[in-house]
Amino acid sequence: MSNNILIVAEGRAEGLKKVSFELVNTAQQLAAALGGAVEGVVIGSNVGAWAEALVKAGLAKVYVADDAGLGAFAPESFADALAQVIKLAQPAIVLFGATGWGKEVSARTAAKLDWGLVTDCIAAHVENGALVLTRPIYSGKAIAQVRAKSLPVMVSIRPNIVPPVEANNPAAPIEKVAVTLKEPRAKVVETVVKAKSKVDLGEANIVVSGGRGVKGPEGFAPVQELADTLGGALGASRAAVDAGWIDYTHQVGQTGKTVAPKLYIAAGISGAIQHLAGMSSSKVIVAINKDPDAPIFKIADYGVVGDLFQVLPALNGEIKKLG
Amino acid sequence: MAFNIVVLLKRVPDTESKITLRDNAVVTDGLNFVLDPYAEYGLEKALQLVEQHGGKVTAVLFGPEDAKETIRKALAVGADEAIHIVDPALEGGDAGTTARVLAAALKKIPFDMVWAGKQAVDDDNAQVPVRVAELLDLPHVNSVIEFEPAADGKAARCVREVDGERDVMVTSLPAVFTAQQGLGEVRYPSLKGIMGAKKKPITDWNAAALGIDPAQVGKAGARVEILKLEPPPARPPGKIIPGDAETAAKELARLLHEEAKVI
Ligand SMILES: Cc1cc2nc3c(=O)[nH]c(=O)nc-3n(C[C@H](O)[C@H](O)[C@H](O)COP(=O)(O)OP(=O)(O)OC[C@H]3O[C@@H](n4cnc5c(N)ncnc54)[C@H](O)[C@@H]3O)c2cc1C
Ligand SMILES: Nc1ncnc2c1ncn2[C@@H]1O[C@H](COP(=O)(O)O)[C@@H](O)[C@H]1O
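Rules used in this analysis
- Residues numbered from 1 in each chain as written.
- Chains lettered and ligands numbered in written order.
- Predicted model: local features only at pLDDT ≥ 70, side-chain atom pairs only at ≥ 80, totals over all residues.
- Heavy atoms only, no water.
- 1 Å grid on protein atoms, 1.4 Å probe; cavity = no way out; pocket = protein on both sides within 12 Å on 5 of 7 lines; lining within 4 Å.
- Points joined across faces, edges and corners; volume = space filled by probe spheres on them.
- Helix = DSSP H or I, 4+ residues; strand = E, 2+ residues; numbered from the N terminus.
- Nonpolar A, V, L, I, M, F, W, Y, C, P; charged D, E, K, R; others polar.
- Pairing = 2+ DSSP bridges.
- Axes fitted to C-alpha atoms, helices over the stretch in contact; angles between N-to-C directions.
- Contact = heavy atoms within 4.5 Å.
- Buried < 20%, exposed > 50% of the residue type's maximum accessible area, 1.4 Å probe, protein only.
- Near = heavy atom within 4 Å.
- Polar contact = N/O pair within 3.5 Å; in protein donor to acceptor, adjacent residues only side chain to side chain.
- Sits in = over half its atoms within 2 Å of the grid points.
- pLDDT = per-residue confidence, 0-100.
- Parallel < 35°, antiparallel > 145°, perpendicular 65-115°, else oblique.
- Left-handed = near helix turned anticlockwise from the far one by under 90°.
- Buried area = accessible area lost by both parts, 1.4 Å probe.
- Salt bridge = Lys/Arg side-chain N within 4 Å of Asp/Glu carboxyl O.

## A look at empty space enclosed by the protein
- Overall, the coordinates contain 3 cavities of 30 Å³ or more when judged by the stated rule.
- Estimates place the volume of the largest cavity at around 570 Å³.
- What lines the largest cavity is a set of 36 residues, among which A:Ala98, A:Thr99, A:Gly100, A:Lys103 and A:Gly256 lie closest to the centre.
- Going through the elements one at a time, helix 4 (100-113) of chain A together with strand 9 (140-149) and strand 10 (155-162) of chain B are the ones with two or more residues in the lining of the largest cavity.
- Of the residues forming the lining of the largest cavity, the biggest block, 3 residues, is contributed by helix 4 of chain A.
- When grouped by side-chain class, the residues that make up the lining of the largest cavity number 8 nonpolar, 16 polar and 12 charged.

## With respect to the sheet that holds strand 11 (residues 153-157) of chain A
Residue and element names in this part refer to chain A.
- The 7 strands lie next to each other as 7-11-6-1-4-5-12, forming an open sheet whose pairing is parallel. Strands at the two margins of the open sheet, each flanked by one partner only, are strand 7 (116-121) and strand 12 (174-176). Taken over all neighbouring pairs, the strand axes of this sheet differ in orientation by 20° on average, direction set aside.
- Here strand 7 pairs with strand 11 via 4 bridges, running parallel. Bridging across to strand 11, valine 118 finds its partner in valine 155.
- Here helix 3 (residues 75-89) sits on the sheet and contacts strand 1 (5-8), strand 4 (38-44), strand 5 (61-66), strand 6 (93-97), strand 11 and strand 12; the angle it forms with strand 4, its principal contact strand, is near 150°.

## Considerations on the side chain of B:Asn125
- Position of B:Asn125 among the secondary structure elements: in the loop between strand 8 (113-117) and helix 4 (128-135).
- What makes B:Asn125 buried here is its relative accessible area of 12%.
- Dropping the residues within four chain positions of it, B:Asn125 is found in contact with A:Thr119, A:Arg135, B:Ala95 and B:Ala120.

## Let's talk about the site of ligand 1
- The full set close to ligand 1 counts 29 residues, and A:Arg212, A:Ser237, A:Thr255, A:Ser270 and A:Gln274 are the nearest of them.
- Contact between ligand 1 and A:Thr255: a nitrogen atom at 2.5 Å from a side-chain N or O atom of the residue.
- In this structure, ligand 1 is accommodated by the second largest pocket.
- Elements with a contribution of two residues or more to the shell around ligand 1: helix 6 (238-242), helix 7 (273-279) and helix 9 (308-322) of chain A together with helix 1 (37-53) of chain B.
- Of the residues that constitute the shell around ligand 1, the class distribution is 8 nonpolar, 15 polar and 6 charged.

## With respect to the confidence of the model for chain B
- Put simply, chain B has an average pLDDT of 96, and 100% of its residues get 70 or more.
- Interface confidence for the predicted complex, given as ipTM, is 0.96, next to a pTM of 0.96.

## What to know about the packing of helix 3 of chain A against helix 4 of chain A
All names here are of chain A.
- Following both chains from N to C, one finds helix 3 and helix 4 inclined at 60°, their axes separated by 9 Å at the closest point. Classed by the angle they form, the pair helix 3 and helix 4 counts as oblique. Crossing geometry of helix 3 relative to helix 4 is assigned as right-handed. Of helix 4, the residues touching helix 3 (which contributes Pro75, Glu76, Phe78, Ala79, Asp80, Leu82, Ala83, Ile86 and Lys87) are Trp101, Glu104, Val105, Arg108, Thr109, Lys112 and Leu113.
- Class assignment of the residues belonging to the contact of helix 3 with helix 4 gives a composition of 9 nonpolar, 1 polar and 6 charged.

## A closer look at the interface of chain B and chain A
- Across the boundary between the two partners, chain B contributes 79 residues, which contact 83 residues of chain A.
- Interface area, chain B with chain A, both sides summed: about 7,200 Å², of which 54% is carbon and sulfur.
- Summed over the shared surface of chain B and chain A, the result is 8 salt bridges.
- Among the ionic pairs, A:Arg185 bridges to B:Asp137, the shortest N-O distance being 3.1 Å.
- One can count 48 residue pairs in polar contact (both at pLDDT 80 or more) joining chain B with chain A.
- When residues of the side of chain B that touches chain A are traced back to their parent elements, those giving at least two are helix 4, strand 9, strand 10, strand 11 (165-172), helix 7 (218-221), strand 14 (224-230), strand 15 (239-240) and helix 8 (245-259) of chain B.
- For the side of chain B that touches chain A, the residue count by class is 38 nonpolar, 15 polar and 26 charged.
- Strand direction decides the pairing type here: strand 18 (residues 302-305) of chain A and strand 15 of chain B, joined by 2 bridges, are parallel. Considered in strand 15 of chain B, the bridge of A:Gly303 is made with B:Ile240.

## So, the pattern of salt bridges
- A full pass over the atoms with the stated rule returns 32 salt bridges over all chains.
- With its nearest N and O atoms 3.1 Å apart, the salt bridge here joins B:Glu251 to B:Arg254. One end of the pair, B:Glu251, and the other, B:Arg254, are both in helix 8, 3 residues apart, so they sit about a helical turn from each other.
- Take B:Glu251: its relative accessible area is 29%, and that puts it in the partly exposed class.
- Under the relative-accessibility criterion, B:Arg254 is labelled partly exposed at 35%.
- Ionic contacts of the salt-bridge type, sharing partners, join the residues A:Asp80, A:Arg108, A:Lys112 and B:Glu134 into one network.

Right, dumping it as structure tokens:
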């Protein structure tokens, strides 16, 4: 085993996700403390463009496992491919984004290699030579400091917790890894709903969300307008999603996405624990609700008690004035 | 086509409960414990499949002695039998050791599918069932919201929700599935169910019964450990901005711009 840190990049059709570059940032801090290098890995089919984006992120090396068998998602194949890269790279720490994909692939790979895994962390540091991770548990009602008793170990880090590194460094060498894959027994055969919001919810710096208080599909118009003005993403509570007013892809919370933007605006959302679990690590939280006793106000930095149909358009106008 | 289905159930504090910490542990006295809500969706699906196609639902729970009460809830809504893995020597581990314990138990039970929750609402690990699948060399499908077995009972078609997307996944059986909210409404036990549950068998298994090496489980086998548990950092008290909508909106925009500097 080396002292190196390997980050597992994650992408979608449009390119690498921002979280991949955030992982490099975290990895650099850990590498400085452990005295190792930061390397990256890209796995998938036809991922040349992702590799090209990653080589400029200031890494010592980028492993690329590009295989037709990694086209459609199949958990067994991705874990297989990744385990082969890890055996070659011999890292001390492997970092994933704490996305659905990252959590799934890391768990399968950790079991395959018999490693420890700490999921959904919001901080990582080295203390007395040991890796210590911070993660919320009990839907955010407690914060655990978790120590890796030994290395190697795998960790997944929530998106948007640290800034991404700039990808403007000299190109790192690429090492192509030929992986051998078995025919997977479980695989994706079709994607029925593609994430389609203009700004990816998990990565957005600003999220404006509506809940049951918007009262219908049309009620999302002022929420969307404010999101557009701020260049942010549109979010929703489960109640609004279940009512069919907005697509699931916008859902924030335990059964939806976990977000940690610098600004989260909740309009007509009461603040149920499952919703808070998905957004309480946002830096600044604004609540707009007509009920002064709504629990969302307990975690809000700024609150307006009022009708969202009056407050949101007024706020939109004021923000436009700021230019 | 009858299905033998195992459901992995975890005992967790009700999500509404207040969490009190003492000496880096959660104070369990007075906590209201429930079946993990995501695993409960899996249990519901298992019950429906057996109602439609025949077979048997076995609930498996790894947890302390007083978790029996929670196991009875699974029997009361219709699980046929339960296995309680209970042994202080197995406690104090991590997700990896929990998966090892559950995998050892599953080797002793014949099944066509295993249902679990996509994550447990206490530790939010989201890794135990996937690890179990890998340890048993089985396929898995995560975060399932729709499930349809193939006519021959040897495969299944699932819709799963992950990262804001919805995919159709197919898998052969046996396989491990994790349930996401949306898979169905869970049922409440009837009085008859509660009475009947008292007569259903709960079998206790300990480390010896599982034939598991003590060095591989519990504290000794854990790769990671909790150093400290703290309440979340208190957010500075929020400001409620007074005035009518216009006035409040104007002040809010100013604060976000000048004070919080986020826009
Ligand atoms: C296992 C499980 C998982 C769950 N996962 C999630 C999840 O991922 N995400 C999630 O969000 N929920 C989740 N939930 C549901 C959660 O418990 C709540 O039911 C849900 O978050 C409530 O949504 P809401 O706040 O929009 O609705 P409500 O609780 O009904 O609140 C609506 C709010 O709007 C306010 N309001 C009404 N009209 C106006 C107006 N004109 N102007 C201003 N305010 C107004 C009201 O005062 C009220 O506070 C989950 C539940 C379970 C059991
Ligand atoms: N101790 C346990 N006993 C039985 N099932 C468990 C246990 N721990 C976890 N599981 C299952 O794994 C799911 C996900 O748990 P976790 O990986 O801990 O978030 C739970 O919803 C359960 O279905």
